[in-house]
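Fold and contact review
Okay, here's what each chain looks like letter by letter:
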Amino acid sequence: MKMKVEQFDVLIQGGGPVGLACAAWYLQKFPEANMLLLDRNPKDDVDLAGADSRGIALSHGSKLLLDTIDAWPSECADIHSVHVSQAGRFGRALMTREELKQDALGHIIRYRDIHLTLRNALRKIQNRSPHFVWKHIDSAADISKIEAKCIVHAEGGLFKNQDWIETGRDYEQSALVGLVEVESPPPHQAWERFTSEGPLAVLPSHYGHHILNLIWCGSPQSSHERLELSDEEFLKSLQTAFGSRIGQFLKIQNRRLYELGLNYRKEITQGKEVWIGNAAQTLHPVGGQGLNLGLRDAYLLAEKLSSLFSQSEAAKSEPAIKEVLEEYAQSRKADRNATIGLTDFMARIFTSKLLPIVLARGMALSALQWLPPVKTALARQMMFGRR
């Protein structure tokens, strides 16, 4: 007996934050949507509640988008100012929310919290969407009997753990992340300090005023050596690299390593298929742009798809779907190129030891401080993307 083929207008593959957000925005705009979401996570939240606790940077622009589907986590740490400097060299810049006339420059949220909040938001929207199916599957599931007019790839994944490699570079860096207790940090301030091995970021957390998120990028060898240090030795090493501007580093916990690189698709659409989030591009964490870019992907795609599939059946032809996806890719080109280019440039230029580049870096940071229009343009790109 033949298995019945399941048919949908839209299939979203991937139940991470970007896939969930895309589904939620699509259904919010078009509740009658005939859509399937394939999610490799379990149906309940028990395992996810104790999962990935690393701090993720979300821009204020992302908050405004997520507020539209009531998907902003209750626990987060706001960033009111960002201090940027390079270790052992001149040049610094300070960005503040007052300069940009915003409530905050950004926010730090645990990955699991944004994931769980989006799941809950989608469950509420699901109650008003009779033709939406949310199917939880394992890696061995047979999806050959599922057909869709449009397929959205939002599988994501971390660099070197992805099943695709197209264009990019291995930075030969690893990020050591953890939580560090600090003696006297100013409230709501983020620090990005560039060392010869890579950026060292100290960011607020919702655990309290003195507990901060640490992201320390370095060569794989030195990062692994730091991972193996005793707490006391690690804190001494961190103090030397960062300096004493926020007092003593007192405790470290939850140290983990992530390999870093750039991986991106030149073409994010092909026929009836489209790739978003980490399925389209994986970025270096400098500047915290990866998830923000993915959420902007999801929001714009949801707009395009809801506009198309809410029309009559005749309007949903294969050529029409291909045309809409090509329009989507074109609309994302400027933001993608700017964000990928800026992130890649920062990841590479701040690790160069060539004296002319070292001097140029210091001059560039000083210029940012003394040329407000340039600083504002850079900050707005990181908060809202290229429009």
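These figures come from a predicted structure and were not determined experimentally. (Residues numbered from 1 in each chain as written. Predicted model: local features only at pLDDT ≥ 70, side-chain atom pairs only at ≥ 80, totals over all residues. Heavy atoms only, no water.)

**Section: helix α5 (residues 111–126)**
A turn of α-helix holds 3.6 residues, and therefore any two residues three or four places apart point the same way. With 16 residues, α5 should cover 22 Å at 1.5 Å per step; its first-to-last C-alpha distance of 23 Å lies within 8% of that length. Among all positions of α5, only R112, D113, I114, H115, L116, T117, L118, R119, A121, L122 and I125 are buried. (Helix = DSSP H or I, 4+ residues; strand = E, 2+ residues; numbered from the N terminus. Expected span 1.5 Å × (residues − 1). Buried < 20%, exposed > 50% of the residue type's maximum accessible area, 1.4 Å probe, protein only.)

**Quick look at the nonpolar core**
W25, L66 and I276 are the most contacted members of the largest nonpolar core, which totals 54 residues. If we skip the residues at most four places from it in the chain, L66 touches W25, L58, A71, W72, I114, L118 and L295. Counting residues in hydrophobic clusters, the runner-up holds 26 residues, among them V84, V177, A190 and L203. (Core = buried A, V, L, I, M, F, W, Y, C linked by side-chain atoms within 4.5 Å. Contact = heavy atoms within 4.5 Å.)

**Thoughts on the packing of helix α1 (residues 17–29) against α5**
Where α1 contacts α5, the axes come no closer than 9 Å and their chain directions differ by 25°. Accordingly, the angle class assigned to the pair α1 and α5 is roughly parallel. As for how α1 packs across α5, the hand of that crossing is left-handed. Here P17, L20, A21, A23, A24, L27 and Q28 of α1 come into contact with α5, specifically with Y111, I114, H115, L118, R119, L122 and I125. Per-class residue counts for the contact of α1 with α5 are 11 nonpolar, two polar and one charged. (Axes fitted to C-alpha atoms, helices over the stretch in contact; angles between N-to-C directions. Parallel < 35°, antiparallel > 145°, perpendicular 65-115°, else oblique. Left-handed = near helix turned anticlockwise from the far one by under 90°. Nonpolar A, V, L, I, M, F, W, Y, C, P; charged D, E, K, R; others polar.)

**A word on the sheet that holds strand β4 (residues 77–79)**
With antiparallel pairing, three strands are arranged side by side in an open sheet as β3-β7-β4. What marks the edges here is a single partner per strand, and that holds for β3 (55–59) and β4. Averaged over all pairs of adjacent strands, the angle between their axes in this sheet comes to 30°, without regard to strand direction. The pairing of β3 with strand β7 (residues 106–110) spans five bridges and is classified as antiparallel. If you follow A57 over to β7, its bridge partner there is I108. Contacts from α5 reach β3 and β7 within the one sheet, and its direction differs from that of β7 by about 85°. (Pairing = 2+ DSSP bridges.)

**Side note on the pattern of salt bridges**
All chains considered together, the criterion is met by 23 salt bridges. As a salt-bridge pair, D9 and K316 come within 3.5 Å of each other at their nearest N and O atoms. Here K316 lies in the loop between α8 (290–309) and α9 (318–349) and D9 lies in strand β1 (residues 6–13), a separation of 307 residues in the sequence. A salt bridge links R332 to D297; its shortest N-O distance comes to 2.9 Å. (Salt bridge = Lys/Arg side-chain N within 4 Å of Asp/Glu carboxyl O.)

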